[in-house]
Amino acid sequence: MILLRMKSHSVLLIVFLLTSCSQVPVAPAIQISETNTSGPTIQAVVTAEVAPLSSAVDLSGKILVHTPKTVQLSNSDGTSPVLIHTLESPLPMIALSPDGAEFAYFDGNFLYVKDVLTGRVSTWNREMMGSIGGQLRWSPDGAEIALACSTPDQPTTSLCLVDENGNIEYLVKKEDVAGAKTTPEYFIEMQDWSRDGSKIIFLYYAPSEKGQKQDFSIYYYDTLSGTTQLVLDGNNQEIIFQIRQVNISPDNKALLLSGISGDSLFKVYVLNMETLSVTPLQLKQLPDASLQNPVWSSDSCCYFIRVEQDNIYQHTVVADLAGNILRTLDIQGTVLQWIK
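A short tour of the structure in this document, coming up. (Residues numbered from 1 in each chain as written. Predicted model: local features only at pLDDT ≥ 70, side-chain atom pairs only at ≥ 80, totals over all residues. Heavy atoms only, no water.)

1. Concerning the pattern of salt bridges
Basically, it comes down to this: Every case where a carboxyl oxygen of Asp or Glu lies within 4 Å of a side-chain nitrogen of Lys or Arg is listed as a salt bridge. Accessible area is worked out with a 1.4 Å probe on protein chains only. A residue is then buried under 20% of its type maximum, exposed over 50%, and partly exposed in between.
Counted by the stated rule, this structure contains two salt bridges. Linking aspartate 263 and lysine 267 is a salt bridge whose minimum nitrogen-to-oxygen distance equals 3.8 Å. In this structure aspartate 263 comes out as partly exposed when scored by relative accessible area, which is 45%. Classification of lysine 267 as partly exposed rests on a relative accessible area of 30%.

Set out below in structure tokens:
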């Protein structure tokens, strides 16, 4: 299972970037090639019944899939994978542009963008950036990338927007988060950017020890008004002990929340953006399964999710909000992103 988060109680990244004068490195280009298979499939001893797929459900598009050694782009059912990037070491922050033409990744204090067709790699930031992790997200027009970052000019974690010319815009700083604590142990972490470009979802949290309830809140930044809005105060609920991931639906009406419950199990929840109510999601065919890494499909009804049960059943499936498994994907990896 890919670990997409890099939590830290220290500010070592900030100290490093403030004292280093290294030149901007150039990442090596990697050749692009097609693969006929996504690797050996984990054999499932436990099987799950697949619900009939309604003709009204749209599962079109492509998906970005992360395996232990590669990043691939495949059809939404997991077929016809194409190699995008070969991994020499883990890359916790990666994303594909909306048109599928450019692959972005953060590594060693620099944001790299690779042309998928030619393999050419460019470095977007001119000054070093620190980041505690979270997600990279492209703007809908493919011109900018949002992430949580720190720089010599802004040494505390902020929600940042970077373009190919190295310009960094600080969309949200700690002091911009109304009513939130601004002590050093609290961080801003980028999560998702709505497909219409109107909302950027981010977390504001303090890291917690295993088994302890985390102090976290979910906000969105309105790109039109430049304001932030609180969506969920984690202190006002008891079902999510630690938050891991947040994704906004294509229609902007719901959030998928991945987190750890009070009994230390990985679970997924849906948050209604109108009522702000949170409901646990459960698969009818596998009610006791551990659920991780939810990603919305092309339709707001359905999502991709990594399912594990009894350390035996391990698959990525497509499920709907009613808890039905609609499709099992023949891949060994984790879906990170849906691409049109």
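This is not the end of the story, as more comes after the structure.
2. Side note on the environment of leucine 83
So the rule is basically this: Under the scheme used here, helices are H or I runs from DSSP no shorter than 4 residues and strands are E runs no shorter than 2 residues, and both carry numbers assigned from the N terminus.
Note on placement: leucine 83 falls in strand 3 (residues 82–86). Owing to a relative accessible area of 10%, leucine 83 belongs among the buried residues under this scheme. Sequence separation of leucine 83 and leucine 73 is 10 residues, and the distance between their C-alpha atoms is 6.6 Å.

3. Let's talk about the environment of serine 74
One can find serine 74 in strand 2 (residues 70–75). For serine 74, a relative accessible area of 1% translates into the label buried. Between the alpha carbons of serine 74 and isoleucine 63 there is a distance of 5.5 Å; along the sequence they are 11 residues apart.

4. A look at the sheet that holds strand 11 (residues 168–172)
Selection criterion: Two strands qualify as a pair provided that DSSP identifies no fewer than 2 bridges between them.
Pairing is antiparallel in the open sheet, where four strands are placed in the order 8-9-10-11. What marks the edges here is a single partner per strand, and that holds for strand 8 (137–138) and strand 11. Two strands pair when backbone bridges link them, and strand 9 (residues 144–149) and strand 10 (residues 158–163) are joined in this way by six bridges, in the antiparallel orientation. The partner of glutamate 144 across the bridge, within strand 10, is aspartate 163.

5. Thoughts on the state of the cysteines
We count it as follows: Criterion for a disulfide: a pair of cysteine sulfur atoms within 2.5 Å.
For the structure shown, the criterion picks out two disulfides. Residue cysteine 149 pairs covalently with cysteine 160 via a disulfide, S to S 2.1 Å. Its S-S torsion of approximately -85 degrees makes the covalent link between cysteine 149 and cysteine 160 left-handed. With a gap of 11 residues between them, cysteine 149 in strand 9 and cysteine 160 in strand 10 connect regions that are remote in the sequence. The exposure classification of cysteine 149 matches that of cysteine 160, with both residues buried.

6. Description of the packing of aromatic side chains
Two measures describe an aromatic ring pair: the distance that separates the ring centres and the angle between the ring planes. The line we're drawing: Note on ring pairs: Phe, Tyr and Trp rings are taken, using the six-membered ring of Trp, and paired if centres are within 6.5 Å. Classes follow the plane angle, with under 30 degrees stacked, over 60 edge-to-face and the rest tilted. Sitting over a ring, as applied to charges here, requires NZ of Lys or CZ of Arg to be within 6 Å of the ring centre and within 35 degrees of the ring normal.
Per the counting criterion, the structure on display carries six aromatic pairs. Ring geometry for tyrosine 186 against tyrosine 204: centres 5.7 Å apart, planes inclined by 15 degrees, an arrangement best described as stacked. In this pair, tyrosine 186 sits in the loop between strand 11 and strand 12 (187–193) while tyrosine 204 sits in strand 13 (residues 199–206), placing the two residues 18 residues apart along the sequence. A single burial state applies to tyrosine 186 and to tyrosine 204, both of which are buried. Grouping aromatic residues by their ring pairs yields a cluster made of Phe103, Tyr105 and Tyr112. Note that lysine 199 overlies the ring of tyrosine 220, its terminal NZ or CZ placed 5.2 Å from the centroid.

7. Some words on unusual backbone geometry
Note: most residues except glycine have negative phi, and most peptide bonds are trans. One non-glycine residue, serine 80, lies in positive phi territory at about 55 degrees. The residue serine 80 is located in the loop between strand 2 and strand 3 in this model. The phi angle at asparagine 293 is positive, at roughly 55 degrees, despite the residue not being glycine. Mapped onto the elements, asparagine 293 comes out in strand 20 (residues 290–296). Relative accessible area serves as the criterion here: at 8%, asparagine 293 is assigned to the buried category.

8. Topic: the pairing of strand 11
Successive residues of a regular strand alternate their side chains across the two faces of the sheet. Here strand 10 pairs with strand 11 via four bridges, running antiparallel. Of the residues in strand 11, the one forming a bridge with leucine 161 is glutamate 169. Linkage of strand 10 to strand 11, two consecutive antiparallel strands, is achieved through a turn of four residues, within which glycine 166 is found at a positive phi near 85 degrees.

9. Description of the sheet that holds strand 13
Note the following rule: Working convention: axes come from line fits to C-alpha atoms, limited for helices to the stretch in contact. Angles between N-to-C directions cover 0 to 180 degrees.
Spatial ordering of the open sheet is given by 12-13-14-15, a layout of four strands whose pairing is antiparallel. Each having just a single partner strand, strand 12 and strand 15 (227–233) make up the two edges of the open sheet. Shown here is a sheet whose adjacent strand axes are inclined to one another by a mean of 30 degrees, direction ignored. Pairing of strand 13 with strand 14 (residues 215–222) involves eight bridges; the strand directions are antiparallel. Across the sheet, leucine 203 pairs through a bridge with isoleucine 218, a residue of strand 14.

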